[in-house]
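Secondary and tertiary structure notes
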Amino acid sequence: MFKPKLIYVAVVATLLVTACGEEKTSATATVLPATPASLELAKTDVATVVEQRLQKSVSLTGQLQALNYTTVQSEVNASVAQVLVREGESVKKGQTLVQLATQDLQARAKQAEAALASAKAESVLANAVKERNEQLYKDHYISDIDYKRGIAEAQARSENVKAQESLLSIAKKALNDAVIVSPISGVVAKRHIQAGQMVAMNSPVLDVVDLSQLELVASIAPEHLASLQVGQTLQFNVQGFNENFSAKVSRINPVADAATRAVTFYATVQNPQAQLKAGLFVQGVLALGSATQGLVVPKTALRHEQNQDFIWIIETNKLTKRAVKVDIVDDKTGLALISQGVQLSEKVVLAQLNAQAVNMPIKIVE
């Protein structure tokens, strides 16, 4: 009699369990609203727009070269008797650098002296004959042709004396040239010869460099050429030196490089202590134009796309891409002066971002 009741209770329990399971599944399948994605930036990725004076400058690399230098050459053919200086030694103008052997040169000088003495004797004799012929010609004892022949002979002997005097002068000069002296004050940069070596006329002997005044040689891009002027001062540094040095633009090449279109210019460097050396490479900054007051951002914040400069601005914790007008970029300070597109105290992003970052929320982390 109780079996149907038990079955009924079991069916009711089963229905309740099933209903509870369906309700639980339905609750689990409910989708919650998604949280918008945000971009995390470090404090170092963000800068503030400030107002200050800025001057346009351009970075450059160049090389130092001696303004005054010379390669001393031998003016005679001779063997080297003695070299009196070595590389790195300071020399004065007129100081003896090399002594060449003089035996052959002295012999040539004596030969020239003897030839001159002989020419003078022949000239004296020819003049005596000429004077005698003049008297005989007046007395009609010699013909006109003999008289003129005596005059010509005397003139020829006189000219021969002049020629021999010139040859003796050349021989004495060669003897003097056996002593090679420095034409300038400076430092011996290179020695081309050794004692006992034969040197020919016009062959190099020594290189002498004046380090008291150097010249910086660098190139500038054509877009900056209009701002480059003689007399401008630039600052530069040299690897291995802790201090900065200055140079003054002295010359500008009138012809641009055919390949790069860059223009070479030269700047004078005063180097009284000779601490800088010719041939060193330098890195410098050349100031262009005058300083301007305005809104400034780090130049790393600038982006360029389709011939337009723009920067990323943080507005109400969201990213905005904004076009700007750049007036000055200073390579020395790494700053850029913006005339349009930003306001004082706005936050700009220095990090590289893609186009999908527009309107993305920003979170700045330590």
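Just so it is clear, the structure is predicted and the values come from calculations on it, not from any experiment. (Residues numbered from 1 in each chain as written. Predicted model: local features only at pLDDT ≥ 70, side-chain atom pairs only at ≥ 80, totals over all residues. Heavy atoms only, no water.)

**Considering the packing of aromatic side chains**
What the rule picks out here adds up to four aromatic pairs. Each ring, one from tyrosine 137 and one from tyrosine 147, has its centre 4.4 Å from the other, and the planes form 10 degrees; the classification is stacked. Remark: tyrosine 147 occurs in helix H3 (residues 144-177) and tyrosine 137 occurs in helix H2 (residues 103-138); sequence separation between them is ten residues. Look at phenylalanine 236 and phenylalanine 245: their rings are 5.7 Å apart centre to centre, the planes differ by 25 degrees, and that puts the pair in the stacked class. When sorted by exposure, phenylalanine 236 lands in the same class as phenylalanine 245, which is buried. Through pairs of rings, three or more aromatic residues link up here, namely Phe236, Phe241 and Phe245. Cation over ring: arginine 251 sits above tyrosine 266, and NZ or CZ is 4.0 Å from the ring centre. Of note, lysine 321 hangs over the ring of phenylalanine 310, and the distance from its end group to the ring centre comes to 4.3 Å. (Phe/Tyr/Trp six-rings, centres within 6.5 Å; stacked < 30°, edge-to-face > 60°. Helix = DSSP H or I, 4+ residues; strand = E, 2+ residues; numbered from the N terminus. Buried < 20%, exposed > 50% of the residue type's maximum accessible area, 1.4 Å probe, protein only. Lys NZ or Arg CZ within 6 Å of the ring centre and 35° of its normal.)

**Remarks on the pattern of salt bridges**
Counted according to the given criterion, the structure contains eleven salt bridges. In this structure, aspartate 144 engages lysine 148 in a salt bridge whose closest nitrogen and oxygen atoms are separated by 3.4 Å. Placement of the pair is aspartate 144 and lysine 148 together in helix H3, with a separation of four residues, close to one helical turn. Look at aspartate 144 and you get partly exposed, because its relative accessible area is 34%. (Salt bridge = Lys/Arg side-chain N within 4 Å of Asp/Glu carboxyl O.)

**Side note on the sheet that holds strand E6 (residues 96-100)**
Taken in spatial order, the four strands line up as E7-E6-E4-E9 in an open sheet, and their pairing is antiparallel. Only two strands of the sheet have a single neighbouring strand rather than two, namely strand E7 (179-181) and strand E9 (198-199). Bridge count between strand E4 (residues 78-83) and E9: two bridges; the pairing is antiparallel. Within E9, the position partnered with serine 79 by the bridge is methionine 198. (Pairing = 2+ DSSP bridges.)

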